[in-house]
Amino acid sequence: MHNLENNPRFRKIVVESGDVAELGEQLGTLFRPEILGIFERDHSDPNLGDRMDRTTGMIEAMEGVDFGKKHLRELYASADVLGVPRKEYVCSSVEDETEDCPRSDRCSTGVTTALDGSILLAHNEDGPKGYPNLLYLTEVVMGGMSSLHGLYPGTLDRNAFGVTQYGLVYAVRTHRQHRGRGPRLPAHSIARYLADAPN
């Protein structure tokens, strides 16, 4: 699929059991320092209370669909292995969707194929300062499927952009949850649903 093994920003994750809880545990363990740093930063946010309220609605929406429940199992497994409260971990994982800030989304993702069938995946990270240093390229092998994608530690796996072994390319645009809106699925969970699609 690629030749990235020597890249310091690349991680390969093999989930033998095919269980999302095992994936969550592996992600929590592998990216522990990065995730705990993000978690600590989030706890100093003066708007954390409002963000937690919005997270409650997202969790309710995720619990209403099978794939959302599966995604929560993964996030909860990461939280448990890190020893942090589950709801607060979910809030941190969807941080960009619970903020009230009006900043525009500026990232761009492009994919093309070469004549030999190889795939070139490019992502221009224009988020807040420090985001480029948080982005990893990961390959997850799980349940007979393999995908190459961008990962921000502490978020739901396969939620940003990537390409599956079937050639499905996906990228998510953040949708801010403004005051007054009811419960809704986070875009992170919808992107992951697309990434898991077998065809």
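Residues numbered from 1 in each chain as written. Predicted model: local features only at pLDDT ≥ 70, side-chain atom pairs only at ≥ 80, totals over all residues. Heavy atoms only, no water.

Colleague: I keep staring at the pattern of salt bridges and nothing clicks. Help me out?
Modeller: In the structure shown here, the tally under the stated rule is 6 salt bridges. A salt bridge links Asp19 to Arg73, with the shortest nitrogen-to-oxygen separation between them at 2.7 Å. Here the residue Asp19 occupies a position in the loop between strand 1 (10-15) and helix 1 (20-30), and Arg73 occupies one in helix 4 (residues 66-82), the gap between them amounting to 54 residues. Classification of Asp19 by relative accessible area gives partly exposed; the value is 26%. For Arg73, a relative accessible area of 41% gives the class partly exposed. A salt bridge links Arg51 to Asp45; the shortest N-O distance between them is 2.9 Å. Look at the salt bridges and you will find they share partners, linking Arg41, Asp42, Asp45 and Arg51 into a network. (Salt bridge = Lys/Arg side-chain N within 4 Å of Asp/Glu carboxyl O. Helix = DSSP H or I, 4+ residues; strand = E, 2+ residues; numbered from the N terminus. Buried < 20%, exposed > 50% of the residue type's maximum accessible area, 1.4 Å probe, protein only.)

Colleague: I tried to follow the packing of aromatic side chains on my own but got confused; where do I start?
Modeller: In the structure shown here, the tally under the stated rule is 2 aromatic pairs. Each ring, one from Phe67 and one from Tyr193, has its centre 4.5 Å from the other, and the planes form 35 degrees; the classification is tilted. Of this pair, Phe67 sits in helix 4 while Tyr193 sits in helix 7 (residues 187-195), and the two are 126 residues apart along the sequence. Take Phe67: its relative accessible area is 22%, and that puts it in the partly exposed class. A relative accessible area of 47% means that Tyr193 is categorised as partly exposed. (Phe/Tyr/Trp six-rings, centres within 6.5 Å; stacked < 30°, edge-to-face > 60°.)

Colleague: Where do I start with the packing of helix 2 (residues 32-43) against helix 5 (residues 86-93) in this structure?
Modeller: Orientation of helix 2 relative to helix 5, taken along the N-to-C sense of each, is 95 degrees, at an axis distance of 10 Å. Between helix 2 and helix 5, the crossing angle belongs to the class labelled roughly perpendicular. Between helix 2 and helix 5, the contacting residues are Ile35, Ile38, Phe39, Asp42 and His43 on the first element and Glu88, Tyr89 and Ser92 on the second. Tallied by class, the residues present in the contact of helix 2 with helix 5 amount to 4 nonpolar, 2 polar and 2 charged. (Axes fitted to C-alpha atoms, helices over the stretch in contact; angles between N-to-C directions. Parallel < 35°, antiparallel > 145°, perpendicular 65-115°, else oblique. Contact = heavy atoms within 4.5 Å. Nonpolar A, V, L, I, M, F, W, Y, C, P; charged D, E, K, R; others polar.)

Colleague: What is the right way to look at the environment of Gly144 in this model?
Modeller: Structurally, the position occupied by Gly144 is in the loop between strand 4 (136-142) and strand 5 (145-151). Residue classification places Gly144 among the exposed residues on the basis of a relative accessible area of 66%. For the pair Gly144 and Glu16, spaced 128 residues apart in the sequence, the C-alpha separation amounts to 9.6 Å.

Colleague: Please explain the packing of helix 4 against helix 5 as it appears in this structure.
Modeller: Between two packed helices, both the angle of their axes relative to each other and the distance between the axes serve to describe the pair. Their axes nearest at 9 Å, the elements helix 4 and helix 5 cross at an angle of 115 degrees. Taken as axis vectors, helix 4 and helix 5 run roughly perpendicular relative to one another. Once helix 4 is placed against helix 5, the crossing between them reads as right-handed. In contact with Leu72, Leu75, Tyr76, Ser78, Ala79, Asp80 and Leu82 of helix 4, helix 5 contributes Arg86, Tyr89, Val90 and Ser93. Within the contact of helix 4 with helix 5, the residues separate by chemical class into 7 nonpolar, 2 polar and 2 charged. (Left-handed = near helix turned anticlockwise from the far one by under 90°.)

Colleague: Even after reading the chapter, I still don't get the nonpolar core, so can you show me in this structure?
Modeller: As a rule of thumb, soluble globular proteins bury nonpolar side chains together. Within the largest apolar cluster, 23 residues are counted, with the highest numbers of intra-cluster contacts made by Leu23 and Tyr89. Only strand 1, helix 1, helix 2, helix 3 (48-63), helix 4, helix 5 and strand 4 provide two or more residues apiece to this core. Ranked by residue count, the leading element in this core is helix 4, at 5 residues. (Core = buried A, V, L, I, M, F, W, Y, C linked by side-chain atoms within 4.5 Å.)

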